[in-house]
Amino acid sequence: MAAIPPSPEFSESMEGPMDRPTDVDGSGLDRGDFEDDDFEGDDFEGDDSESSNRLDEWDTVDRELDAAIESLADLDAELAYRQARSALRSLMERLDLTPRERSGLEPDLEGLAQMLDKLEDQRVQIAVFGAVSRGKSSLLNALLGRSVFETGPTHGVTQSSRSIHWTVPSSLGQVELVDTPGIDEVNGAARAALAREVGQASDLILFVVAGDMTQVECEALSQLREAGKPILLVLNKIDQFPEADRQAIYEKIRDDRVRELLSPDEIVMVAAAPLVAQVVQRPDGTIAADLQRGAPQVESLKLKILEVLAREGKALVALNSLLYAQAAGDRILSRKLALRDRSADRLIWNGTIAKAIAVAVNPVVVLDLVGGAAIDLATILALSRLYGIPMGQRGAIALMKTIAIGLGGLSAGEWIARLGLSALKGFLGLSTVATGGITTVPYLSIAATQAAIAGVSSYAIGQATKTYLANDASWGPDGPRAAIGRVLATLDEQSIVKRIEAELWAKLGRPAVPDPFGSR
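A. Spotlight on the overall build of the protein. Within the protein one finds 15 helices and eight strands. Looking at the protein as a whole, 40% of its 520 residues are labelled buried. Put simply, 73% of the contacts in the protein that link residues at least 6 apart link residues at least 24 apart. Accessible area for the protein stands at about 28,500 Å²; split by element, carbon and sulfur atoms hold 57% of it.

And the structure:
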């Protein structure tokens, strides 16, 4: 910073008696007032040397502490990544789908397999997204350092997504760049579907514009943000604007278009294929200026991408894979439970009918109760097999006891009523011959009452078992939701995901976890 000259008033105030040192009584001090031996240079040199050594020691401690913190952060990120991979493996192993249940779920199942492959390969995908003629393909070519993606004056050269490996320093195994079709070549519904498709596969999105943003671009950016995607907004073709206009466009985008969606650090200005005026001599000998392609100006974007990958590359891959796994897993589980719910209802109804008949026709006291309990137990075991939850006879008995206690009055009332009616039915059955069949009608009436009570009880136990098993058929405490929470907990304040962290926690149905140390 340049030194600020003193004001004239201040300079004048410094003249006069203040122009040389004074004693306490105001008299001037001469050099002779001080003895040469009043100050020893060696003493100051010793103090300076000691202070310097202490500062060096503190600097060393600070560096070691920073290195230790960074090492712990790396360990947290690696642990979260491995937990994410384990969660996806577990989900795939627990699918347990019948051919009928798989029908219609092929895209989700294929997507899960692809996400697991990404985690296994440690592969991060960076996609460009934007309207046609914004220079998306040129931008990717500039990052790659060679012409790979097709470019040209034709409107909408890129008709489908295409990816290629990008060789850059990274802690990840592979980095892929993905080109996508222009968003303004399709209608609103198709554009939203394209945004979902790009967002699903991509771990980081480069949203490319070439001037002030249009309404279509603003809508597409919002859709990507709603999908929970980390985004870098790339203002391309800045070479086509004068410096003043370039800054005005940047500020318009920053302050009006994306203020609620992106931070200034997430906006980068580049010129992927700048036009440079070159002096050329025409065939007729005249001199003219000709526009030719100059060297790409994308170094700031490349450095920004490398910074993001170095800081949180693994977290981005893990988070994106888990978000997809959560959504796909919920759809798979919903279909699986819907189909098995109907099968479970048939099992419960068959068990209800079997128990009612068995109790009604059994004339022996207590045996009808034991027989009914055996049918309930068989129903629980059949339901556990249907929902793919291993359960032995002991487990089924324990579950039946828990449900009976939960049903409370119904089960107690059933046993009291059935025990009394069973005794009465047995008496009437024995007296039927002696009375010449007079007690047959009362006998049948009691049997029907017993059957109704047993049926209601069996149906209630079956439905309670179905609910219990359906809840336990979820992906469990180590599923995608829990793994997403662990990944989010490893992110620091500089994370590109920090802006959307609250939205991601909301997707999990949980409030954002506050930072116990405040802003770091």
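B. Main features of helix α5 (residues 136-144). Counting buried positions over the nine residues of α5 gives eight, a clear majority of the element. Buried within α5 are the following residues: K136, S137, L139, L140, N141, A142, L143 and L144.

C. Here's a closer look at unusual backbone geometry. Unusually for a residue other than glycine, Q122 sits at a positive phi of about 55°. Looking at where Q122 falls in the secondary structure, it is placed in the loop between α4 (106-121) and β1 (123-130). Of note in the backbone geometry, S133 takes a positive phi value of approximately 60° without being a glycine. Locating S133 in the fold gives a position in the loop between β1 and α5. Using a relative accessible area of 45% as the deciding quantity, one classes S133 as partly exposed.

D. Here's a closer look at the nonpolar core. The biggest cluster of nonpolar side chains holds 64 residues, and the ones touching the most others in it are I126, L139, W166, L206, L301, I305 and V497. Sorting elements by how many residues they give to this core places helix α9 (residues 299-361) first, with 16 residues. Residues within four places of L139 in sequence aside, it is in contact with V128, V208, V234, V270, A272, V298 and L301. Counting 26 residues, the second largest nonpolar core, distinct from the first, contains V178, V198, M213 and L262.

E. View of the confidence of the model for the protein. On average, residues of the protein score 74 in pLDDT, and 65% of them reach the 70 mark or higher. Helix α1 (residues 8-13) is the least confidently modelled element of the protein, averaging 42 in pLDDT, while strand β6 (residues 267-269) averages 96, the highest of any element. The model gives residues 153-159 a pLDDT under 50, and that stretch makes 16 contacts with residues more than four places away or in other chains. Low pLDDT (under 50) marks residues 514-520, which in the prediction has eight contacts with non-local residues, meaning those over four places away or in another chain.

F. Layout of the pattern of salt bridges. Using the criterion set out here, one finds 19 salt bridges in the structure. The salt bridge involving E78 is made with R82; its shortest N-O contact spans 3.0 Å. With a gap of four residues between them, E78 and R82 both fall in helix α2 (residues 41-93), about one helical turn apart. Between E243 and R246 there is a salt bridge, with its nearest N and O atoms 3.2 Å apart. Of the two residues, E243 and R246 both sit in helix α8 (residues 243-257), three residues apart, roughly one turn of that helix. Taken together, the shared-partner salt bridges in this structure form one network comprising E78, R82 and K314.

G. Highlighting the sheet that holds strand β2 (residues 162-165). Taken in spatial order, the six strands of this open sheet run β2-β3-β1-β4-β5-β6, and their pairing is mixed. If you trace the sheet from one side to the other, it starts and ends with β2 and β6, each paired once. Here the average twist between neighbouring strands, direction ignored, is 25°. Here β1 runs beside strand β3 (residues 174-179); their pairing, made up of five bridges, is parallel. Bridge pairing links Q125 to E176 in β3. Along the sheet, α4 contacts β1 and β3; its crossing angle with β1, the most-contacted strand, is approximately 120°.

H. Region of the structure containing the environment of G104. With respect to the element layout, G104 can be found in the loop between α3 (99-102) and α4. Residue classification places G104 among the exposed residues on the basis of a relative accessible area of 57%. Between the alpha carbons of G104 and R335 there is a distance of 9.5 Å; along the sequence they are 231 residues apart.

I. Region of interest: empty space enclosed by the protein. Tallying each qualifying case throughout the model produces two cavities of 30 Å³ or more. Computed from the structure, the largest cavity encloses a volume of approximately 50 Å³. Around the largest cavity sit D203, G228, K229, P230, L316, L319, N320 and L323, which together line it. Residues that form the lining of the largest cavity fall into these classes: four nonpolar, two polar and two charged. Contributing to the lining of the second largest cavity are G211, L235, I238, F241, R246 and I249. For the lining of the second largest cavity, a count of residues per class yields four nonpolar, one polar and one charged.

The rules behind these values
- Residues numbered from 1 in each chain as written.
- Predicted model: local features only at pLDDT ≥ 70, side-chain atom pairs only at ≥ 80, totals over all residues.
- Heavy atoms only, no water.
- Helix = DSSP H or I, 4+ residues; strand = E, 2+ residues; numbered from the N terminus.
- Buried < 20%, exposed > 50% of the residue type's maximum accessible area, 1.4 Å probe, protein only.
- Contact = heavy atoms within 4.5 Å.
- Areas by Shrake-Rupley, 256 points an atom, 1.4 Å probe, with all protein chains shown as cover.
- Core = buried A, V, L, I, M, F, W, Y, C linked by side-chain atoms within 4.5 Å.
- pLDDT = per-residue confidence, 0-100.
- Salt bridge = Lys/Arg side-chain N within 4 Å of Asp/Glu carboxyl O.
- Pairing = 2+ DSSP bridges.
- Axes fitted to C-alpha atoms, helices over the stretch in contact; angles between N-to-C directions.
- 1 Å grid on protein atoms, 1.4 Å probe; cavity = no way out; pocket = protein on both sides within 12 Å on 5 of 7 lines; lining within 4 Å.
- Points joined across faces, edges and corners; volume = space filled by probe spheres on them.
- Nonpolar A, V, L, I, M, F, W, Y, C, P; charged D, E, K, R; others polar.

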